[in-house]
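Chain and residue survey
Take a look at the letters that make up each chain.
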Amino acid sequence: QVQLVESGGGLVQPGGSLRLSCAASGRIFMIYTMDWYRQAPGNQRELVATITRGGSTNYTDSVKGRFTISRDNAKNTVYLQMNSLKPEDTAVYYCYMSVKGGRVEASRNYWGRGTQVTVSS
């Protein structure tokens with residue numbers, strides 16, 4: 001089994017910054033894509049940012065130029081640097097990873113439990 005634990009959420013004023021982290025632990029041979037999703041009350045969960053094992057990234061339009069996703073493969077950790085935060089960024093943020101548990105095993109997908117980000121004055 002694999003566990004994902006997010007950290008770094010909190011309350012921040014508009015225009016402020018936060019850095020989220022998500023560390024994976026357990027039976028891990030390799031992690032392919034690492035994603036950040038978010039879900040605001042009454043909304044569907046949406047994909048915010050993706051990073052491949054090779055470092056290619058993609059972002060939803062609403063966060064381009066403000067958020068940066070990165071990863072540390074040695075630490076099995078993904079980060080989300082969030083700058084110029086807006087009230088509409090308020091949501092629970094979840095990490096999501098595609099993990100290969102063993103050399104000959106198929107990959108499986110895992111969710112973290114989420115961390116709350118609130119942008120308010």
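Right above here is the structure, for reference.
Cut-offs and rules
Residues numbered from 1 in each chain as written. Predicted model: local features only at pLDDT ≥ 70, side-chain atom pairs only at ≥ 80, totals over all residues. Heavy atoms only, no water. Helix = DSSP H or I, 4+ residues; strand = E, 2+ residues; numbered from the N terminus. Buried < 20%, exposed > 50% of the residue type's maximum accessible area, 1.4 Å probe, protein only. Polar contact = N/O pair within 3.5 Å; in protein donor to acceptor, adjacent residues only side chain to side chain. Contact = heavy atoms within 4.5 Å. Disulfide = S-S within 2.5 Å. Pairing = 2+ DSSP bridges.

**Regarding the environment of serine 121**
Looking at the secondary structure, you find serine 121 in the segment after strand 11 (115–119). In this structure the C-alpha to C-alpha distance between serine 121 and methionine 82, which are 39 residues apart in sequence, comes to 17 Å.

**Section: the side chain of aspartate 89**
Mapping aspartate 89 onto the fold places it in the loop between strand 8 (77–82) and strand 9 (91–100). For aspartate 89, a relative accessible area of 1% corresponds to the buried category. Reaching out from aspartate 89, the side chain makes a polar contact with the side chain of arginine 66 at a distance of 2.8 Å. A polar atom in the side chain of aspartate 89 sits 2.8 Å from the backbone nitrogen of lysine 86. Setting aside residues up to four positions removed in sequence, aspartate 89 forms contacts with Arg38, Arg66, Phe67, Ser84, Val117 and Val119.

**Remarks on the state of the cysteines**
Going through the model one piece at a time under the given rule, you end up with 1 disulfide. A sulfur-sulfur distance of 1.9 Å marks the disulfide that ties cysteine 22 to cysteine 95. Residues cysteine 22 and cysteine 95 share a disulfide whose torsion about the S-S bond is about 45°; that sign makes it right-handed. Remark: cysteine 95 occurs in strand 9 and cysteine 22 occurs in strand 3 (residues 18–26); sequence separation between them is 73 residues.

**Describing unusual backbone geometry**
We note that asparagine 76 has phi near 55°; this positive angle belongs to a residue other than glycine. Of note, asparagine 76 is situated in the loop between strand 7 (67–72) and strand 8. With a phi close to 50°, serine 84 is a non-glycine residue in the positive phi region. Relative to the elements of secondary structure, serine 84 occurs in the loop between strand 8 and strand 9. Exposure remark for serine 84: the relative accessible area of 40% places this residue in the partly exposed category.

**Things to note about the pairing of strand 9**
Counting buried positions over the 10 residues of strand 9 gives 10, a clear majority of the element. When strand 4 (residues 30–39) meets strand 9, the two strands line up antiparallel, connected through 8 bridges. Residue aspartate 35 lies in a different strand from strand 9, and its bridge partner there is tyrosine 96. Inspection of the sheet shows strand 9 paired to strand 11 by 3 bridges, in the antiparallel sense. By the bridge assignment, alanine 91 is partnered in strand 11 with valine 117. Inspection of the sheet shows strand 9 paired to strand 10 (residues 107–111) by 5 bridges, in the antiparallel sense.

Everything listed here is a matter of geometry and, on its own, says nothing about what the molecule does.
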